[in-house]
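The chain contents come next:
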Amino acid sequence: MSIPDLLWLLLPVAAATGWFAAKRSESRSRSQSTKALWDYSSEFHEGLKGLLSDQAELPTDIFNTTSDSANNAADTHIALGNHYRQKGDMERAVFMHQSVVDNQELSDEVRASARFELARDYDSAGLLDRSEATFKALIESGHRIADAYQSLLQLHERESDWSQAIAVATAAEQQLGESEGWRIAHYYCELAADAIKADQEKDADEHLRKALGHDDSCARASIMLADLALLNGQYSQANELYEQVEQQRPELIPEIIDKRFDVFQKAGDAAEFDSFLKRIHSQRNAYSVIRSTRQIIAERHSPQLADRFFKDQILKRPSLKGLRDWAHDQVELSKPGERDKVQVICDLLDKVMEDKPAYRCSSCGFQGNVMHWRCPSCGQWDSVSTIIGVEGE
Ligand SMILES: [Zn+2]
């Protein structure tokens, strides 16, 4: 290893050591903390030197100190292990963290921190069984329980192992006393989605009812059950479930409006259909709802009535999408001499709307044009929603 490389490698060690020393110095004087910083055994320094020199063989023991400085040294080990993990050197990362875990002289808290990082090393190395076993050992030890459960859940979510995720979330709920119902409901929805793909509707139905059993406000489960009912011609049940979604999460109405119209059309109850249209007419609606309803009114009643509804609604809730569609309507209606000018406005509005995303994650800001129940960027559940406002719905 070249000298500049070694200096670069030492930087994060110095930074981490300084940070941990600073953290511990809140109740100590500056001189005391400086002393603690350098009060490591000579074996520790020799071991660290060997490790940093990138020798082919790792030292058998670089951690040979039993004084008060042991926990400080352990913090350095953990930070250095994390650094190796970030660099992709898993052998050294595991070695550093395992050496802290194995040292019986250290406090339980410090060893638990090292065990947590060790589990993350295994995860990064793709040794998922070992990672899972290490997180479980941490939970059994009674330390970092919430962090360990969280990491285990992330691991199972990443692997789409929903049955395991349900088991872990249930255990977390029982041990930590915080409701995980909303999360478990999503896991059951995932199982239901898999069952639907495999044409196992009965299983899907069972999973979705369990989802609602864990979280009766789970709009996703209601939508999936309603979709199944619609598919099987159970229109009254489908209608009831879609209505339930409107109560659970009104912002999801644009996602289900076309299916609601489909149910009304297939069920054939004209009075109920018109009563629903009347309700839409009386409220301010998202643009997707306005567009779909306009088409339905034109089909069921008249294009003139549909246009009146459209103008009334886009004035109530102005949006670029509404303006664009209105401008397109004007092309046919304008005089031949003015048509080209209106077309230019249409083209401009089409261009403006071209790259506008329809959905945004409230947690990480991810944007896209497809609805996700779990953000593909940050992994949060229920954080992606329709963009509301002039540029959105
Ligand atoms: Zn996100």
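Shown above is the structure to which this text applies.
The structure reproduced in this document is the subject of the present report.

Conventions we followed
Residues numbered from 1 in each chain as written. Predicted model: local features only at pLDDT ≥ 70, side-chain atom pairs only at ≥ 80, totals over all residues. Heavy atoms only, no water. Donors = N, O, S within 2.8 Å, 3.2 Å for Na, K, Ca; no water. Tetrahedral: all angles 85-135°; square planar, octahedral: opposite > 155°, others 65-115°. Buried < 20%, exposed > 50% of the residue type's maximum accessible area, 1.4 Å probe, protein only. 1 Å grid on protein atoms, 1.4 Å probe; cavity = no way out; pocket = protein on both sides within 12 Å on 5 of 7 lines; lining within 4 Å. Points joined across faces, edges and corners; volume = space filled by probe spheres on them. Helix = DSSP H or I, 4+ residues; strand = E, 2+ residues; numbered from the N terminus. Nonpolar A, V, L, I, M, F, W, Y, C, P; charged D, E, K, R; others polar. Pairing = 2+ DSSP bridges. Phe/Tyr/Trp six-rings, centres within 6.5 Å; stacked < 30°, edge-to-face > 60°. Lys NZ or Arg CZ within 6 Å of the ring centre and 35° of its normal. Salt bridge = Lys/Arg side-chain N within 4 Å of Asp/Glu carboxyl O. Axes fitted to C-alpha atoms, helices over the stretch in contact; angles between N-to-C directions. Left-handed = near helix turned anticlockwise from the far one by under 90°. Contact = heavy atoms within 4.5 Å. Expected span 1.5 Å × (residues − 1).

Digging into the coordination of the zinc ion
Note on the zinc ion: its protein donors are Cys-361 (SG), Cys-364 (SG), Cys-375 (SG) and Cys-378 (SG). The metal-donor distances range over 2.3 Å. In this structure, the zinc ion is surrounded by 4 donor atoms whose angles at the metal cover 107 to 112°, and the resulting shape is tetrahedral. Along the chain, the residues donating to the zinc ion fall in the pattern C-x2-C-x10-C-x2-C. Using a relative accessible area of 33% as the deciding quantity, one classes Cys-378 as partly exposed.

Notes on the layout of surface pockets
In this structure, the largest pocket occupies an estimated 320 Å³ of space. Ile-223, Met-224, Asp-227, Lys-259 and Trp-373 are, among the 14 residues lining the largest pocket, the residues nearest its centre. Listing elements by their share of the lining of the largest pocket, those giving two or more residues are helix H10 (181-197), helix H12 (219-231) and helix H14 (253-267). Among the elements that line the lining of the largest pocket, the one with the most residues is H12, at 6 residues. Partitioned by chemical class, the residues of the lining of the largest pocket number 8 nonpolar, no polar and 6 charged.

Let's talk about the sheet that holds strand E2 (residues 367-368)
Strand order in the open sheet made by the 3 strands is E2-E1-E3, with antiparallel pairing throughout. Each edge of the sheet is formed by a strand with only one pairing partner; in this case those strands are E2 and strand E3 (384-386).

Comments concerning the packing of aromatic side chains
Taken as a whole, this structure holds 9 aromatic pairs when the rule is applied. For the ring pair Trp-162 and Trp-381, a centre distance of 6.1 Å and an interplane angle of 70° mean the geometry is edge-to-face. Here Trp-162 is found in helix H9 (residues 162-176), whereas its partner Trp-381 is found in the loop between E2 and E3, with 219 residues between them in sequence. The two residues Trp-162 and Trp-381 agree in class, both being buried. In textbook terms, an aromatic cluster arises when at least three aromatic residues are bridged by ring pairs, as seen for Phe-261, Phe-264, Phe-273 and Phe-276. Lying across the ring of Phe-116, Arg-144 places its NZ or CZ 4.2 Å from the centre. Between Arg-294 and the ring centre of Phe-310, over which it is positioned, the NZ or CZ distance is 3.9 Å.

Some remarks on the pattern of salt bridges
Note on pairing: side chains with opposite charge can pair once their charged atoms come close. Tallying each qualifying case throughout the model produces 27 salt bridges. A salt bridge links Lys-259 to Asp-227; the nearest nitrogen and oxygen atoms lie 3.1 Å apart. One end of the pair, Lys-259, is in helix H14; the other, Asp-227, is in helix H12, with 32 residues separating them in the sequence. Asp-227 gets classed as partly exposed once you look at its relative accessible area, which sits at 27%.

Digging into the packing of helix H17 (residues 303-316) against helix H18 (residues 320-333)
Following both chains from N to C, one finds H17 and H18 inclined at 145°, their axes separated by 10 Å at the closest point. The crossing of H17 and H18 is left-handed. Taken together, the residues of H18 that come into contact with H17 (itself represented by Phe-310, Lys-311 and Ile-314) are Gly-322, Asp-325, Trp-326 and Asp-329.

Some details on helix H16 (residues 287-300)
What sets the pattern is the α-helix's 3.6 residues per turn: residues three or four places apart point alike. Along its 14 residues, H16 runs 20 Å from first to last C-alpha, staying within 8% of the 20 Å computed at 1.5 Å per residue. Along H16, the positions that sit buried rather than exposed are Tyr-287, Ser-288, Val-289, Ile-290, Ser-292, Thr-293, Arg-294, Ile-296 and Ile-297. If you follow the buried residues of H16, they end up packed against H14, helix H15 (270-282), H17 and H18.

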